[in-house]
Amino acid sequence: MDRRDFIRNGVLGAALVGHASGALAATRPKPRVGPLSFPDGFVWGCATASYQIEGAVKEDGRGETNWDVFSHTPGCVANGDTGDTACDSYHRYGEDIALLKQLGVKAYRLSIAWSRIFPEGRGTPNAKGVDYYNRVIDALLAAGITPYVTTFHWDLPQALPGGWQSRDTALAFADYAGFIAGKLSDRVTHFITVNELRCFTDLGHQDGKHAPGLRLDARSVNQVRHHGVLAHGLGVQAIRAHARSGTQIGIADNSNFYVPVIETPEHIAAAKVAVREENAMFLTAIMEGRYTERYLTSIGADAPKIASGDMAAIGSPLDFVALNVYAPNYVKASASPAGYEVLPHLKSSPRMASPWLYVGPEVAYWAVRTVSELWKPKALYISENGTSADDPVVNGHVDDADRIMYLRNYLTEFQRATEEGYPLKGYFLWSLMDNFEWADGYTLRFGLHHVDFVTQKRTPKLSAAWYRELIRRNTLV
């Protein structure tokens, strides 16, 4: 019986119904190996980001960031929300680590606020900032939770002249990343350079929707993109130079992933070409150490200035690739010069609370498979996957069955990838708790834990119980 027969014949449904009964709940079924199980040693975790949860923006020497400025600019963030307090995790990190421990996760992806370490972006390090993250790391390890550290998750020190328009920012990032790796790698074994290149470059400098809120011309945008991938590459080299031997280094990228409309050779091939070319300025350049000819031809005179040695740095070897997987794009083979056609999302296309978050669980499988087949990374992680939901609180409870539906379906496809032998080693759910959701402020909730942003009370949602049971069994539930 294959996995589809297993589901079709109702075995999974019967198991879930049985688990809901009092008798089976009391017996607590033991972890099992079966069609919906994950490999032994699979890493289960949750993810957050510094500006989205920490708050305390003016404490202990932290410098101002581009998101401090952007969120305080009228009209930039929903309801005028800011990250000034967020989830107050700067003071409540012990409480948040307890939430992680209750879930049973063995890993936590957090980000370092660059401006807590170097308030001006470079120069003299801030000892209080280093001490804070030392305390967080030590508390995680004491709870039996492995930290996976992202060195940049969008909160850029405002003092850096020109921001990402300046090549010097990539150099400053490398200095910062090397410094923090030298301080933490006695306890942190996995470092992620940057999070979601496309967001902090394009959304911030082309679309104007994120900090710093610019709408630059094409040539300037391409230069910003180049500085972003260069920062990653120089960061890899700096971390490698300053961290302890054996430290694992990767990137977290929200590449545009493409699903073949039909699983036939021609559509599968088209989807693979689409992933390579539509991410030519980001993950493709990183994995291949060059920009594709099609990309350079398409941008022509708007190509970025590339200094000697840039592409070698950008293509620095990685120990793992981490993918942020949410919405699908669908592709079919075509007779066009590109060889593929991207199909538009329709009004009837299912989506979650966020307007951009179209639901297509199969993207989970194809993201892992396509990246594996294109570039053969040593290891893959899902650094983010999750969903916004309406999350009404009723009698003190949040029964977010829609989030459970979303997660169950996506994780079924990730499990398919592990079953077929692709090197997927772990999964970080976005997010541990509701937080500051960038330009959407506090209007959208992605957390397993509901946060009352007035009282800062954390309340586990039904999805937290679901995720805890999945981790306990290492099997879809």
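Keep in mind it's a predicted model, so treat the numbers as computed, not measured.

Caption draft 1: Inspection of the overall build of the protein chain at higher detail. For the protein chain, the helix and strand inventory stands at 18 helices and 13 strands. The globule rule puts the C-alpha radius of gyration for 477 residues at 23 Å, and the 22 Å found for the protein chain is close to it. Viewed in the frame of its principal axes, the protein chain has a C-alpha envelope of about 65 × 55 × 45 Å. Relative to its 477 residues, the protein chain shows a buried fraction of 58%. Across the protein chain, contacts joining residues at least 24 apart in sequence account for 77% of those joining residues at least 6 apart. Positive and negative side-chain charges of the protein chain, numbering 48 and 51 respectively, have mean locations separated by a distance of 4 Å.

Caption draft 2: How the structure looks around the packing of helix α16 (residues 362–375) against helix α17 (residues 401–419). One can describe the packing of α16 onto α17 by two numbers: an axis separation of 7 Å at closest approach and a directional angle of 30°. The pairing of α16 with α17 is recorded here as roughly parallel in orientation. Pair α16 / α17 crosses with right-handed handedness. Between α16, through Glu362, Val363, Ala364, Tyr365 and Val368, and α17, the contact on the second element is made entirely by Tyr410, Glu413, Phe414, Arg416 and Ala417. For the contact of α16 with α17, the class distribution of residues is 7 nonpolar, no polar and 3 charged.

Caption draft 3: Region of the structure containing the nonpolar core. Leu323, Phe414, Tyr427 and Tyr467 are the most contacted members of the largest nonpolar core, which totals 149 residues. It is helix α9 (residues 167–184) that contributes the most residues to this core, 9 residues altogether. Look past the residues within four positions of Leu323 in its chain and what remains in contact with it is Asp253, Phe257, Leu283, Ala367, Val368, Val371, Leu380, Tyr381, Ile382, Ser383 and Glu384.

Caption draft 4: Representation of the packing of α9 against helix α11 (residues 218–242) in the model. Here α9 crosses α11 at 30°, and the two axes come no closer than 8 Å. Relative to α11, the element α9 lies roughly parallel. Seen along the crossing, α9 lies across α11 with a hand that is right-handed. Packed against α9, whose contacting residues are Arg167, Ala170, Leu171, Phe173, Ala174, Ala177, Gly178, Ala181 and Gly182, the element α11 presents His227, Leu230, Ala231, Leu234, Gly235, Ala238, Ile239 and His242 at the interface. Across the contact of α9 with α11, the residue classes break down as 11 nonpolar, 5 polar and 1 charged.

Caption draft 5: Focus on the sheet that holds strand β8 (residues 329–333). Ordered in space as β6-β8-β9, the 3 strands form an open sheet in which the pairing is mixed. At either margin of the open sheet sits one strand with a lone partner, and together these are β6 (258–260) and β9 (340–343). Along the sheet, successive strands turn relative to each other by an average axial angle of 40°, direction set aside. Across 3 bridges, β6 lies against β8 in parallel orientation. Of the residues in β8, the one forming a bridge with Tyr258 is Asn329. Running at roughly 105° to β6, α16 makes contact with β6 and β8 of the sheet.

Caption draft 6: Region of the structure containing the sheet that holds strand β10 (residues 380–384). Reading around the circumference, β1-β2-β3-β4-β5-β7-β10-β11 is the order of the 8 strands in this closed barrel, with parallel pairing throughout. Here the average twist between neighbouring strands, direction ignored, is 25°. Where strand β4 (residues 190–195) meets strand β5 (residues 248–253), 4 bridges bridge the pair, whose relative direction is parallel. Of the residues in β5, the one forming a bridge with Phe191 is Ile249. Against the sheet, α16 makes contact with β7 (320–324), β10 and β11 (424–430), and its axis sits at roughly 135° relative to β10, the strand it touches most. Across the sheet, α17 touches β1 (43–47), β10 and β11, and the angle it forms with β11 is around 170°.

Caption draft 7: Looking closely at the packing of aromatic side chains. Applying the stated criterion across every chain yields a total of 38 aromatic pairs. When the ring of Trp164 is compared with that of Phe200, the centres are 5.1 Å apart and the planes differ by 40°; the resulting orientation is tilted. Here Trp164 is found in the loop between β3 (146–152) and α9, whereas its partner Phe200 is found in helix α10 (residues 197–205), with 36 residues between them in sequence. Grouping residues by exposure puts Trp164 and Phe200 together as buried. The residue whose ring lies beneath Arg116 is Tyr132, and the NZ or CZ to ring-centre distance is 6.0 Å. Over the ring of Tyr365 we find Arg416, and its NZ or CZ is 3.6 Å from the ring centre.

Caption draft 8: A look at the confidence of the model for the protein chain. Put simply, the protein chain has an average pLDDT of 94, and 93% of its residues get 70 or more. Within the model, the stretch residues 1–32 combines pLDDT values under 50 with 32 contacts to residues more than four positions away or in other chains.

Caption draft 9: Summary view of the environment of Glu54. Examined against the element boundaries, Glu54 turns out to sit in the loop between α4 (50–53) and α5 (66–71). Glu54 sits in the buried class, given a relative accessible area of 5%. Contact partners of Glu54, with chain neighbours within four places excluded, come to Thr85, Ala86, Asp88, Ser89, Tyr90, Ser111, Ala113, Arg116, Tyr132 and Tyr133.

Caption draft 10: Expanded view of the side chain of Asp253. Along the chain, Asp253 turns up in strand β5. Arg198 provides the closest opposite charge to the buried, salt-bridge-free Asp253, at an N-O distance of 5.3 Å. With residues near it in sequence (within four places) discarded, Asp253 still touches Glu196, Leu197, Phe282, Leu283, Ala322, Leu323 and Asn324.

Caption draft 11: Main features of unusual backbone geometry. Ala211 connects to Pro212 through a cis peptide bond whose omega is 5°. Mapped onto the fold, Pro212 is located in the loop between α10 and α11. At the junction of Trp430 and Ser431, the peptide bond is cis and its omega measures out at 10° in the coordinates. Its location among the elements puts Ser431 in the loop between β11 and β12 (449–451). The phi dihedral of Ala56 falls on the positive side, at around 50°, and the residue is not glycine. A positive phi angle, close to 55°, is found at Glu196, a residue other than glycine. Note that Glu196 resides in the loop between β4 and α10.

Calculation notes
Residues numbered from 1 in each chain as written. Predicted model: local features only at pLDDT ≥ 70, side-chain atom pairs only at ≥ 80, totals over all residues. Heavy atoms only, no water. Helix = DSSP H or I, 4+ residues; strand = E, 2+ residues; numbered from the N terminus. Rg over C-alpha atoms; globule rule 2.2 N^0.38 Å. Buried < 20%, exposed > 50% of the residue type's maximum accessible area, 1.4 Å probe, protein only. Contact = heavy atoms within 4.5 Å. Lys, Arg positive; Asp, Glu negative; His and termini not counted. Charge placed at Lys NZ, Arg CZ, Asp CG, Glu CD. Axes fitted to C-alpha atoms, helices over the stretch in contact; angles between N-to-C directions. Parallel < 35°, antiparallel > 145°, perpendicular 65-115°, else oblique. Left-handed = near helix turned anticlockwise from the far one by under 90°. Nonpolar A, V, L, I, M, F, W, Y, C, P; charged D, E, K, R; others polar. Core = buried A, V, L, I, M, F, W, Y, C linked by side-chain atoms within 4.5 Å. Pairing = 2+ DSSP bridges. Phe/Tyr/Trp six-rings, centres within 6.5 Å; stacked < 30°, edge-to-face > 60°. Lys NZ or Arg CZ within 6 Å of the ring centre and 35° of its normal. pLDDT = per-residue confidence, 0-100. Salt bridge = Lys/Arg side-chain N within 4 Å of Asp/Glu carboxyl O.

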